[in-house]
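Single-letter residue listing:
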Amino acid sequence: MKILIDATSVGKGGGVDIHIRSILKNFSKDFEYFILISDINSKNLIKRDDFNYIHLHFFNKFTKIFYEQFIFPLIVMFYRIDLLYLPKQNSNLLKFCKIVSTIHDFIPEKKESKENILTRIYWKFEYNVISKKTDGIIFITKNCMEIYKKRFKNLERKKYCVIYNGFDTYKKLSIQYEKYILIPSTIKTRKNIKLSLKVASDISRFYPDKKIIVTGRMDDREIGKSLKNFDYRGFLDFEEFERIFNETFLVIYLSSDEGFSLPVGESLYLNKRVICMDIPVHRELYGERPIYWSLDLSYEENIKKIVQKLKGELIDDEKIKRWEESSKRTEEFFEYFKR
C-alpha cells in the first residue's frame, strides 16, 4: 500500500510539527511511505532513511493552497498512491485516492483566535472540504470529535477514531537541576502570555533562585513587547529545548483555547509541575495531575492555591500516552482503506 503524507509543517515549530515528526518516527515498515516536505532539511528532523521524500520547491504560505489543491492530487496520480494522509487538518477537492485527515481543533477559524480574516476563511474552507471529501478522520481528542459532530452531521458515514498524541516527545535526562520557571508558548493572544508572565513573576518571589524563561515562535510582536524584561529565547531547536525542559522547576501554560496543549502532556511525562487553564480538553487528557488556573477564582486566590500546591509532592503517574502507540493506532486505521 502506497501512502502519501503531507509533512510540510515539519521544522515550523508548534504542536502540529511535533505531532507529524513523532508519528512518522514511529511508523512501521509495513507500508510504502512518500513524504511531502517543504524544506530539504526536514529529512534530518524526521530521521527515517526508508521513506521516499518529495521536496516541494517554493512551498510557502502564499503557494500553500495551490500546492494542496492542485499539486498534491497530481503527485497522487504520478506515484499511483493508494492513500493520502493529511495530518494537519486539510483535504483535497480533487480526489484520486482515499483520503485520511487528522483534525486537531477548530481554533484558527474563530474570531476570538485573533487570526486575520484570510486565515479564518482558509480554515473554514478546509473544515468544509474535510467534511465533504475525506474518507477517514482521526481526532486527537474526544472533545474535538464532539465539536465536529455538532457542526457536521455526516460523521456516521465516515471511518473515524480518536487517537491521542504521545507525551514522550523529549527524553528524561539524568541531570535535573530545576533552575527555571518556563513559559513554552507561541507568542499570540489566546496563549495569554501577559497573564503567564505576571503569574511567573509572582511565583518567582517565593522561589527567587528560579529564572523565568519564555520560548516559542513570535506570532504577535505587539504582545512580544511584554517580553522586554524577560529572558525570551524564541524558537529553539529540539536538543536545546529538551535540555531547558529537563532543567525546569515549573511550567506555566495558560492558553485558554486548545486542541491538545501538548506542552502540558510533555511536562507531565518529564514529571514537572505544570500550571494550565481549567478547560474541558485538559480535564479529558490530564485529569487531576496539573495545577489548574480557575476562572471562578480571583487572581489572588489562584496564586495562593498554586503556591500551596507547589509545596506538595509530585505525582509520578505511569499512565503516560506514548507516540509509539499513537503511530501504531494510526497505521491500524490506514488498514481500513486497503484496496
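See above for the structure.
Rules and cut-offs
The residue numbering used here restarts from 1 in each chain and proceeds along that chain's sequence as written. Under the rules for a predicted model, residues below a pLDDT of 70 receive no local features and side-chain atom pairs below 80 are neither given nor counted, while totals for whole chains, interfaces and linings still include all residues. Computation of side-chain values covers all heavy atoms of the structure but excludes hydrogens and water. Here, any two strands with at least 2 DSSP bridges between them count as paired. Numbering of helices and strands starts at the N terminus; helices are DSSP runs of H or I of at least 4 residues and strands are runs of E of at least 2. A fitted line through C-alpha atoms represents every axis, and for helices the fit uses only the stretch in contact; the resulting angles, taken between N-to-C directions, go from 0 to 180 degrees. Burial status follows relative accessibility: with a 1.4 Å probe on protein chains alone, a residue under 20% of its type maximum counts as buried, one over 50% as exposed, and anything between as partly exposed. When the strands point away from the viewer, a crossover counts as right-handed if the path from the first strand over the helix to the second runs clockwise. The contact criterion used throughout is that any non-hydrogen atoms of two residues lie within 4.5 Å. Whenever a carboxyl oxygen of Asp or Glu lies within 4 Å of a side-chain nitrogen of Lys or Arg, that contact is scored as a salt bridge. The scheme is simple: roughly parallel for angles under 35 degrees, roughly antiparallel for over 145, roughly perpendicular for 65 to 115, oblique for anything else. Rotating anticlockwise by less than a right angle from the far helix to the near helix defines a left-handed crossing, while the corresponding clockwise rotation defines a right-handed one. Note on residue classes: Ala, Val, Leu, Ile, Met, Phe, Trp, Tyr, Cys and Pro are nonpolar, Asp, Glu, Lys and Arg are charged, and everything else, Gly too, is polar.

Chemist: So, the sheet that holds strand E7 (residues 159–162): which residues are in play, and what are the values?
Modeler: Strand order across the open sheet formed by 7 strands is E3-E2-E1-E4-E5-E6-E7, with parallel pairing between neighbours. Looking at strand neighbours, the two that pair on one side only are strand E3 (52–55) and E7, the edges of this open sheet. Direction aside, the axes of adjacent strands within the sheet are offset by 20° on average. In this sheet, strand E6 (residues 136–139) lies alongside strand E5 (residues 98–103) in parallel orientation, the contact comprising 4 bridges. Pairing of Thr102 across the sheet is with Ile138, part of E6.

Chemist: Give me the lowdown on unusual backbone geometry, citing residues and values where you can.
Modeler: Although it is not a glycine, Gln89 sits at a positive phi angle of roughly 45°. You can see Gln89 is positioned in the loop between strand E4 (83–86) and E5. Among the residues examined, Gln89 registers a relative accessible area of 4% and is labelled buried.

Chemist: A description of the pairing of strand E2 (residues 32–37) should follow, citing residues and the corresponding values.
Modeler: For E2, the buried fraction is high: 5 of the 6 residues fall into the buried class. Pairing of strand E1 (residues 2–6) with E2 involves 5 bridges; the strand directions are parallel. Bridge pairing in E2 links Ile5 to Ile35. Where the polypeptide runs from E1 across helix H1 (residues 15–25) and back to E2, its parallel neighbour, the crossover connection is right-handed. Sheet topology places E2 next to E3; 4 bridges connect them, and they run parallel. In the sheet register, Phe34 faces E3, and the bridge partner there is Asn52.

Chemist: I'd like a description of the sheet that holds strand E8 (residues 180–184), backed by residues and values.
Modeler: Across the sheet, 6 strands lie side by side as E10-E9-E8-E11-E12-E13; this open sheet has parallel pairing. The sheet terminates laterally at strand E10 (231–234) and strand E13 (291–293), the two strands that pair on one side only. With strand direction ignored, the average angle separating the axes of adjacent strands in the sheet is 20°. Where strand E11 (residues 248–253) and strand E12 (residues 273–277) come together, 4 bridges link them in parallel fashion. In the sheet register, Tyr253 faces E12, and the bridge partner there is Cys276. Each of E8, strand E9 (211–215), E10 and E11 is contacted by helix H8 (residues 238–246), which is oriented at about 135° to E8, the strand it contacts most.

Chemist: Any details on the environment of Tyr180? Residues and values, ideally.
Modeler: Among the secondary structure elements, Tyr180 is positioned in strand E8. Setting aside anything within four residues of it in sequence, one finds Tyr180 in contact with Lys210, Lys211, Ile213, Arg243, Ile244, Glu247, Thr248, Phe249 and Leu250.

Chemist: Could you give an account of the pattern of salt bridges, naming the residues involved and the relevant values?
Modeler: This model, assessed by the stated rule, comprises 30 salt bridges. One salt bridge in this structure joins Lys188 and Asp219, with 3.7 Å as the shortest N-O distance. Here Asp219 lies in the loop between E9 and helix H7 (221–224) and Lys188 lies in the loop between E8 and helix H6 (193–204), a separation of 31 residues in the sequence. The partner of Arg233 in a salt bridge is Asp231, with the nearest N and O atoms 2.8 Å apart. Assessed through its relative accessible area of 28%, Arg233 is described here as partly exposed. Several salt bridges converge on common partners, so that one network encompasses Glu115, Lys188, Arg217 and Asp219.

Chemist: With reference to specific residues and values, describe the packing of helix H3 (residues 64–78) against helix H4 (residues 117–133).
Modeler: With their axes 13 Å apart at the nearest point, H3 and H4 run at an angle of 15° to one another. Compared by their axis directions, H3 and H4 come out roughly parallel. Crossing of H3 over H4 shows left-handed handedness. In this structure, H3 contributes Lys64, Ile65, Glu68 and Gln69 to the contact, and H4 contributes Tyr122, Phe125 and Glu126. Considered class by class, the residues forming the contact of H3 with H4 number 3 nonpolar, 1 polar and 3 charged.

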